[in-house]
Amino acid sequence: MPQFPNSRTEPDGSAVIRVLSYNVRSLRDDTGALARVIRACAPDLVLLQEAPRFFRWRKKLARLAAASGQVILSGGGTAAGPALLCSLRATVERTEDVLLPLTPGRHRRGFATAVVRFGSTRLGVLSCHLSLHKDERYEQSGLLLDRLAGLGAPHAIAGGDLNERPDGPAFRRIAKDLQDCWATAPRGDEHTSTPTDPHQRIDAIFATPGVEILGCGVPRGLPGVTEHDLRAATDHLPVLAALRIPAGS
């Protein structure tokens, strides 16, 4: 499989970054394998879903971050599951955890958000895990677009577990305004669920129009990572994107 471009700062000041989106199922699986996968992807930003959110969730998330070569940026229990990690390459401007309206009897949802800088570039970031229910999921897709625009950054990315395939109304609503990174520049495999039988793409990374997509997909042939690791780490496959963020933004 062709390798994903490495992170770097270009001569014109633009930043090439690696972004990873990953549903980690509350760290209920093989956390050693999970950390190996994340580390091997060498991400600058990690958008997690189903991060720990109950008893001692901060300690559990901190351990994962340390084991995978990252630091905690935002989210976790305070965002009802979505979380953001980052490498030391990122300069953090601000973070905000957002709880979405709760429908009685349904699972609480939220967004983990941040504005970060890579050199002279400035980027809004959002991690999400949308509802299992179609009507609520569609409403949350609109809230996602509003929240991303409200970050006030010239460029932005969003990623997560949409609980919906690309032909669904919530997925299409997001992809109408944002670039669907896999559809724009596919690299690696498409399907993210499940690791033992990949047959559907319900996890995705999106970017605003000014971001250049260099490649996006499920990474294969990661150094030090086996197929067993990908199956054992969690019940989703990771989505990795290489993006170029324009300079002076």
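Check the entry above for the structure.
Reference entry: report on the structure contained in this document.

## Observations regarding the overall build of the protein chain
A count of helical and extended segments in the protein chain gives six helices and 13 strands. Residues counted as buried form 57% of the 249 residues belonging to the protein chain. Positive and negative side-chain charges in the protein chain, numbering 31 and 26 respectively, have mean positions lying 5 Å apart.

## What about the pairing of strand 8 (residues 121-129)?
Extensive coverage of strand 8 is indicated by the burial of nine of its nine residues. Alternating positions in strand 8 separate into two faces, Thr-121, Leu-123, Val-125, Ser-127 and His-129 on one and Arg-122, Gly-124, Leu-126 and Cys-128 on the other, with burial throughout. When strand 7 (residues 110-118) meets strand 8, the two strands line up antiparallel, connected through eight bridges. Residue pairing across strands places Arg-117 opposite Arg-122, the latter belonging to strand 8. Note that strand 8 and strand 9 (residues 155-161) share seven bridges and pair parallel. Its bridge partner being in strand 9, Cys-128 is matched across the sheet by Gly-160.

## As for the sheet that holds strand 11 (residues 203-207)
Sheet strands pair by backbone hydrogen bonding; their relative direction is either parallel or antiparallel. Ordered by their spatial adjacency, six strands build an open sheet running 6-7-8-9-11-10, and the pairing between neighbours is mixed. The sheet is open, and its two borders are formed by strand 6 (91-99) and strand 10 (179-180), each paired with just one other strand. Sheet strands touched by helix 3 (residues 134-150): strand 6, strand 7, strand 8 and strand 9. Its angle to strand 7, the strand with the most contacts, is close to 30°.

## Some points on the packing of aromatic side chains
Scanning the model with the defined rule gives one aromatic pair in all. In this structure, Arg-187 packs its charged tip against the face of Phe-4, placed 5.8 Å from the ring centre.

## Brief notes about a positive patch on the surface
Taken together, the side chains of Arg-56, Lys-59, Lys-60 and Arg-63 make up a positively charged region of the molecular surface. With respect to the element layout, Arg-56 can be found in the loop between strand 3 (45-49) and helix 2 (57-67). On the accessibility criterion, Arg-56 (54% relative accessible area) is exposed.

Cut-offs applied
- Residues numbered from 1 in each chain as written.
- Predicted model: local features only at pLDDT ≥ 70, side-chain atom pairs only at ≥ 80, totals over all residues.
- Heavy atoms only, no water.
- Helix = DSSP H or I, 4+ residues; strand = E, 2+ residues; numbered from the N terminus.
- Buried < 20%, exposed > 50% of the residue type's maximum accessible area, 1.4 Å probe, protein only.
- Lys, Arg positive; Asp, Glu negative; His and termini not counted.
- Charge placed at Lys NZ, Arg CZ, Asp CG, Glu CD.
- Pairing = 2+ DSSP bridges.
- Contact = heavy atoms within 4.5 Å.
- Axes fitted to C-alpha atoms, helices over the stretch in contact; angles between N-to-C directions.
- Phe/Tyr/Trp six-rings, centres within 6.5 Å; stacked < 30°, edge-to-face > 60°.
- Lys NZ or Arg CZ within 6 Å of the ring centre and 35° of its normal.
- Patch = residues over 30% accessible without salt bridge, like charges linked within 9 Å, V, L, I, M, F, W, Y side chains within 5 Å.
- Areas by Shrake-Rupley, 256 points an atom, 1.4 Å probe, with all protein chains shown as cover.
- Salt bridge = Lys/Arg side-chain N within 4 Å of Asp/Glu carboxyl O.

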